[in-house]
Amino acid sequence: MATETIAASINPWHVAQQQFDLAATHLDLSPGLRKVLREPKRELTVHFPVKMDDGTVEVFTGYRVQHNLSRGPAKGGIRYHQDVSLDEVKALAMWMTWKCAVVGIPFGGGKGGVIVDPKKLSLREVEGLTRRFATEISILIGPERDIPAPDVNTNSQTMAWIMDTYSMHVGYTAPAVVTGKPIPLGGSEGRNEATAQGAVYTIIDAAHHLGMDLTKCRVAVQGFGNAGAIAAQLMFAQGSKIIAVSDSTGAIHRPEGFDPNSVLVWKQKHHSVVGFPGTREISNAELLELDCDVLIPAALENQITAANAGKIQARVIAEAANGPTTPEADEILYKNGRFVIPDILCNAGGVTVSYFEWVQDLDRDFWTIEHVNEKLHAVMTKAFASTLDMSLKERVNMRTAAYMLAVQRVADATSVRGLYP
Ligand code: GLU
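Here the structure is a predicted model, which means the values were calculated and not measured.

*Asks:* How should the environment of Q233 be read in this particular structure?
*Replies:* In this fold, Q233 is placed in helix α8 (residues 226-237). Since its relative accessible area comes to 21%, Q233 is described here as partly exposed. As a C-alpha pair, Q233 and L264 span 31 residues in sequence and 9.2 Å in three-dimensional space. Those residues within four positions of Q233 in sequence are excluded, and the remaining contacts are P260, N261 and L264.

*Asks:* Looking at this structure, I do not really get the pairing of strand β4 (residues 108-115). What am I missing?
*Replies:* With respect to burial, β4 is a largely interior element, seven of its eight residues being buried. Relative to β4, strand β2 (residues 57-68) is paired through six bridges, and the arrangement is antiparallel. Along β4, the bridge assignment pairs Q66 with G110. As for the winding sense of the linkage, the β-α-β connection from strand β3 (residues 74-81) through helix α4 (residues 86-102) to β4 is right-handed.

*Asks:* Teacher, can you tell me more about the packing of aromatic side chains here?
*Replies:* What describes a pair of aromatic rings is the distance from one ring centre to the other and the angle between the planes of the rings. All chains considered together, the criterion is met by twelve aromatic pairs. Through a chain of ring-to-ring contacts, the aromatic side chains of F107, Y355, F356, W358 and W367 assemble into a single cluster.

*Asks:* When you look at the sheet that holds strand β5 (residues 146-150) in this model, what are you seeing that I'm missing?
*Replies:* Hydrogen bonds between backbone atoms are what pair the strands of a sheet, whose relative direction is either parallel or antiparallel. Spatially, β1-β2-β4-β3-β5 is the arrangement adopted by the five strands of the open sheet, whose pairing is mixed. Each edge of the sheet is formed by a strand with only one pairing partner; in this case those strands are β1 (42-51) and β5. Strand-to-strand, the axes of this sheet are offset by a mean angle of 25 degrees, without reference to chain direction.

*Asks:* How do you make sense of the site of the ligand when you look at a structure like this?
*Replies:* Around the ligand, 14 residues are found, and the nearest of them are K75, K99, P150, D151 and S354. Relative to its unbound accessible surface of 300 Å², the ligand loses 95% to contact with the protein. Elements supplying a minimum of two residues to the shell around the ligand: β3, α4, β5 and α13 (349-363).

*Asks:* Hey, could you run me through the state of the cysteines in this one?
*Replies:* Disulfides are covalent bonds that connect the sulfur atoms of two cysteines. Enumeration according to the criterion identifies zero disulfides in this entry. The cysteine C217 is free of any disulfide, with C292 supplying the nearest cysteine sulfur at 9.5 Å. Among the residues examined, C292 registers a relative accessible area of 3% and is labelled buried.

*Asks:* How should helix α2 (residues 12-27) be read in this particular structure?
*Replies:* Given 3.6 residues to a turn, an α-helix orients residues that are three or four positions apart in the same direction. For α2, built from 16 residues, the straight-helix expectation of 22 Å at 1.5 Å per residue is met to within 8% by its first-to-last C-alpha distance of 23 Å. Looking at α2, one finds that the buried residues are P12, W13, V15, A16, Q17, Q19, F20, A23, A24 and L27. Buried residues belonging to α2 abut α3 (31-37), α4, α11 (327-335) and α15 (398-417). Residue N11 occupies the N-cap position of α2, its side-chain oxygen lying 2.8 Å from the main-chain nitrogen of W13.

*Asks:* Can you help me understand the side chain of K90 in this one?
*Replies:* In this structure, K90 sits in helix α4. Apart from the residues within four sequence positions on either side, K90 is in contact with W13, P40, E43 and V65.

*Asks:* Whenever I open this one, helix α9 (residues 260-270) confuses me. Can you help?
*Replies:* Where α9 begins, one side-chain oxygen reaches toward the backbone nitrogen of N261, 2.8 Å away; that side chain belongs to D259. Phi turns positive, to about 55 degrees, at H271, one or two residues after α9.

Cut-offs applied
Residues numbered from 1 in each chain as written. Predicted model: local features only at pLDDT ≥ 70, side-chain atom pairs only at ≥ 80, totals over all residues. Heavy atoms only, no water. Helix = DSSP H or I, 4+ residues; strand = E, 2+ residues; numbered from the N terminus. Buried < 20%, exposed > 50% of the residue type's maximum accessible area, 1.4 Å probe, protein only. Contact = heavy atoms within 4.5 Å. Pairing = 2+ DSSP bridges. Right-handed = clockwise from strand over helix to strand, strands pointing away. Phe/Tyr/Trp six-rings, centres within 6.5 Å; stacked < 30°, edge-to-face > 60°. Axes fitted to C-alpha atoms, helices over the stretch in contact; angles between N-to-C directions. Near = heavy atom within 4 Å. Areas by Shrake-Rupley, 256 points an atom, 1.4 Å probe, with all protein chains shown as cover. Disulfide = S-S within 2.5 Å. Expected span 1.5 Å × (residues − 1). Polar contact = N/O pair within 3.5 Å; in protein donor to acceptor, adjacent residues only side chain to side chain.

Right, dumping it as structure tokens:
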């Protein structure tokens, strides 16, 4: 079966609950807390009309889910993708709860999504869709309530439209309602690069732990969006060799390595990484199984499954994407001595700098890029060290260790607040 077919047949919500159950068992969590943390607090489904360029009306379906608010307002991105489903958004919201807890930022988990392939829409249509979706979910969002951010196929322009729409509704300018905004609207220095930068900080820590020299490492990156492309650039700047990258149109390989900065220029022109001079075209599935040292899945869920986990050759798998590895695959990778930096830790740099952005907006006081990255580095290094300690102490893989830290923090906050009424 092709990787895409396998990925589509696995329900991410079941994966998220399975991962949670494993950690809850290790923590011996009380049955009551288990029941509470296993389900999202709120799930909103909206169907809304958008006027298309040709004058016709289309109805789109979108979701906003808040998983847990014990530690603070809901936080999490909004994705536009043709395969979005309520179960996917529920999983992504739960992952946000653990992600915020593992890096110790005071947010709960939320996520949104709209079923749409935005590449098939004009810019004006995407703006109309975004503004109407923002209006539909405005019963949930707000600087103290639920703060969206970019995710797959959304960006700082999307956030500007949501911020403007929300501000028009409330009658004043509310920059802190979203993060990942353009800098002139109260965005943060370093937010655009933060997911990749945070991932690279964890890769550096992992390499140090494993005694690997990054200047001698060969890196393969699946996905060439905000996380993947910038991760490739940053690893290249570290002195690593980038031997393969991919996007939704296909993958390219060159064992001697290539410059990802030039691939980005190529992709901007040709809307695909494929065809980049000097490289051989391979499939996304082949990319995952390449002979390399660091594999960075930076695309969608369920890419590493029981079907291909045994064929993964990379020593380090750094999950810049959310949910790229299934629980069955986790076991195989662990047995084979692969070191997985789990998504809730590896890609937490994005939401960490989102938190910095929110703080800056509320303070009306903005930081330099040096200050942002210094603080991000401190957060990521501390979270990596605590996760590694837990993993070694409890003899569990890095994912279960990160979950144990995160779930315990959320469970503590939930139980100390008590059950209302
Ligand atoms: N969408 C990103 C994530 O999955 C960022 C979320 C945020 O900054 O709120 O972590």
